[in-house]
Amino acid sequence: MVYRYESDEDAFEEYPEPGSDLSVLGAGPPPPAGPSPSRFPTPSLPRANQLSLPSSSPPPPPPPRPTHAETPPATPRGHVYSSASPIEPPARRGGGRLWQVLIGGAAVLVLLALCGLGAAALLDNRDQQPQATPTFQPNAAPTSAAAQRLTLDSRDTDQAPLTAKELFPGKELKLNDGQPSYQVIKTQSSASCAVAATGEVADLLVRLGCNQIVRATLRTPDGDHLVTAGLFNLTDKVSAERARDRVRSLLDERQGRFRGLTAGEGDGTDVLASAPARVGWQVRGHYLAYALVVQKDGTAIKAGDAKVGEILFDMIELHLSRGVLQQRADGGSAAQPTAAPTGSSGTQGGSTDDGELPGN
């Protein structure tokens, strides 16, 4: 029997010798409660959450098995010896965490960059001026030039008939400030367009739906010329343009002419029915404007006479188109002119009682 005294535990541990009575199973005092202590060192298992890597140095040799002659060293209570490989050093365990920190930091930088771009785009859109979205108003009055042209393009939209007072409201017609006025000698309004034309010209106007002619005879400011000017009221713009295009060939072929308006005997207006004349015509909307100029002495007008050209421009363009028809198109509310009128000019001879056309 060998006794070993443990000073730090203040206890005795007893090891029976071989062949003694105490080595018999069941001999001696009963063992203490709980698991019996192992006679050999119990290896300590590594933690489940830690990896065990092989050590670079060979593991220490196992302790020699105890013999009968020597007593194995007592294992102090609370101390555990492990035969497993040593745990990875702390420095190597920190490598994985370092990569996690780097990757997380990079992700944060990318997220901040995306947020910055989004904020910049938002500020840029806020700086831009919003464009107003046009809204449709079904009851709003049209203000475009096309809508105003529609007023004069047909009698369906321009139903009010012309009047002599509308075209020639007074005894004098003043076109420009500071310039002399034209003297209005006589006016006429008729529902028969044939009174202002002869031959094929009159037939053409009737076929195209002309239902009104308003005209007047005037004396020029210098007193050297007489002029008859007026408006033919046709069905629509298409019919007026057809009349404009056909009139030239009819005049050239002497198949008709425009008539001047005479005032009566003794006033010198008879030359309007007999003298060679210079004529001009122009379309605006469903109206055909015309003017006929003769010299007061009945002589022929020379080609390219600038004075006669000014008279035709005054009557057709300034007075009838820009004055009378523009006011009708405006109707007191429009601000833009309608489509520019288009017209022509030519010459025609005076007429005899039987309707024949003498040469110019």
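Residues numbered from 1 in each chain as written. Predicted model: local features only at pLDDT ≥ 70, side-chain atom pairs only at ≥ 80, totals over all residues. Heavy atoms only, no water.

> Can you lay out the nonpolar core for me, pointing to particular residues and giving the numbers?
Buried together is how nonpolar side chains tend to be arranged in soluble globular proteins. Of all hydrophobic cores here, the largest spans 30 residues; its most connected members are Leu-205, Phe-232, Phe-258, Trp-281, Leu-288 and Val-294. At the level of elements, α4 (199-207), β7 (225-233), α5 (237-252), α6 (271-274), β9 (277-284) and β10 (287-295) are the ones that each hand at least two residues to this core. Element by element, the count of residues in this core is highest for α5, at five residues. Val-214, Leu-231, Ala-289 and Ile-301 belong to the second largest nonpolar core, which has 28 residues in total. (Core = buried A, V, L, I, M, F, W, Y, C linked by side-chain atoms within 4.5 Å. Buried < 20%, exposed > 50% of the residue type's maximum accessible area, 1.4 Å probe, protein only. Helix = DSSP H or I, 4+ residues; strand = E, 2+ residues; numbered from the N terminus.)

> For the pairing of β7, give the residues involved together with the corresponding values.
The element β7 is largely enclosed, with a buried count of nine among its nine residues. Along β7, one buried face is formed by His-225, Val-227, Ala-229, Leu-231 and Asn-233 and the opposite face, lined by Leu-226, Thr-228, Gly-230 and Phe-232, is buried too. Between strand β6 (residues 212-219) and β7, which pair antiparallel and follow one another directly, the connecting turn spans five residues, one of which, Gly-223, has a positive phi of 80°. Direction of pairing for β7 relative to β10: antiparallel, over a ladder of nine bridges. Directly across from Val-227, in β10, lies its bridge partner Val-293. (Pairing = 2+ DSSP bridges.)

> Describe the environment of Gln-255, listing the residues and the values that go with them.
Here Gln-255 is to be found in the loop between α5 and β8 (256-258). Sequence separation between Gln-255 and Val-201 is 54 residues; the distance between their C-alpha atoms is 7.2 Å.

> Could you give an account of unusual backbone geometry, with specific residues and numbers?
Most peptide bonds adopt trans geometry, and most residues besides glycine take a negative phi value. Its identity as a non-glycine residue notwithstanding, Arg-254 has a phi of 55°, on the positive side. Topologically, Arg-254 is positioned in the loop between α5 and β8. What makes Arg-254 partly exposed here is its relative accessible area of 45%.

> Tell me about α5, and please be specific about residues and values.
Taking 1.5 Å as the rise per residue, α5 with 16 residues should run 22 Å; its terminal C-alpha atoms sit 24 Å apart, in good agreement. At Arg-246, α5 shows its strongest bend, of approximately 25°. Taken together, the buried positions of α5 are Ser-239, Ala-240, Ala-243, Arg-244, Val-247, Leu-250 and Leu-251. Regarding α5, its N-cap is Asp-236, as a side-chain oxygen of that residue lies 3.3 Å from the backbone nitrogen of Val-238 further along. In the stretch just after α5, Arg-254 is the one whose phi turns positive, near 55°. (Expected span 1.5 Å × (residues − 1). Bend = angle between axes of the 7 residues up to and from the residue. Polar contact = N/O pair within 3.5 Å; in protein donor to acceptor, adjacent residues only side chain to side chain.)

> Before we move on, can you summarise the state of the cysteines with the specific residues and values?
Counted under the stated rule, the structure contains one disulfide. With its sulfur 1.8 Å from that of its partner, Cys-193 forms a disulfide with Cys-210. Its torsion about the S-S bond being -75°, the disulfide of Cys-193 and Cys-210 is classed as left-handed. A residue pair is termed long-range when its members are at least 10 positions apart, and Cys-193 in the loop between β4 (182-190) and β5 (197-198) and Cys-210 in the loop between α4 and β6 qualify at 17 residues. Overall, Cys-193 belongs to the buried group, its relative accessible area being 2%. Judged by relative accessible area, Cys-210 falls into the buried class, the value being 10%. (Disulfide = S-S within 2.5 Å.)

> Give a description of the packing of α4 against α5 that names residues and reports values.
For the pair α4 and α5, the least separation of the axes is 9 Å and the interaxial angle reads 165°. Between α4 and α5, the interaxial angle falls into the category roughly antiparallel. Crossing of α4 against α5: the hand is right-handed. On the side of α4, the interface is formed by Glu-200, Val-201, Leu-204 and Leu-205, while α5 contributes Ala-243, Arg-246, Val-247, Leu-250 and Leu-251. Here the contact of α4 with α5 is composed, by residue class, of seven nonpolar, no polar and two charged. (Axes fitted to C-alpha atoms, helices over the stretch in contact; angles between N-to-C directions. Parallel < 35°, antiparallel > 145°, perpendicular 65-115°, else oblique. Left-handed = near helix turned anticlockwise from the far one by under 90°. Contact = heavy atoms within 4.5 Å. Nonpolar A, V, L, I, M, F, W, Y, C, P; charged D, E, K, R; others polar.)

> Quick one: what's the story with the packing of aromatic side chains, residue by residue and with numbers?
According to the stated counting rule, one finds four aromatic pairs in the structure shown. Here Phe-258 and Trp-281 contribute two aromatic rings whose centre-to-centre distance is 6.3 Å and whose plane-to-plane angle is 45°, an arrangement assigned as tilted. Here Phe-258 is found in strand β8, whereas its partner Trp-281 is found in strand β9, with 23 residues between them in sequence. Here Phe-258 matches Trp-281 in class, with each residue buried. Judged by centre distance (4.9 Å) and plane angle (20°), the rings of Phe-258 and Tyr-290 are stacked. Within this pair, whereas Phe-258 is found in strand β8, its partner Tyr-290 is found in strand β10, the two being separated by 32 residues in sequence. For Phe-258, a relative accessible area of 0% translates into the label buried. Feature note: the residues Phe-232, Phe-258, Trp-281 and Tyr-290 constitute an aromatic cluster, connected by ring pairs. (Phe/Tyr/Trp six-rings, centres within 6.5 Å; stacked < 30°, edge-to-face > 60°.)

> Give a description of empty space enclosed by the protein that names residues and reports values.
What the rule picks out here adds up to one cavity of 30 Å³ or more. Taken as a whole, the largest cavity encloses approximately 30 Å³ of empty space. Taken together, Leu-231, Gln-282, Val-283, Arg-284, Tyr-287, Leu-288, Ala-289, Ser-321 and Leu-325 form the lining of the largest cavity. Those elements giving two or more residues to the lining of the largest cavity turn out to be β9, β10 and α7 (306-330). A class-by-class count of the residues in the lining of the largest cavity yields six nonpolar, two polar and one charged. (1 Å grid on protein atoms, 1.4 Å probe; cavity = no way out; pocket = protein on both sides within 12 Å on 5 of 7 lines; lining within 4 Å. Points joined across faces, edges and corners; volume = space filled by probe spheres on them.)

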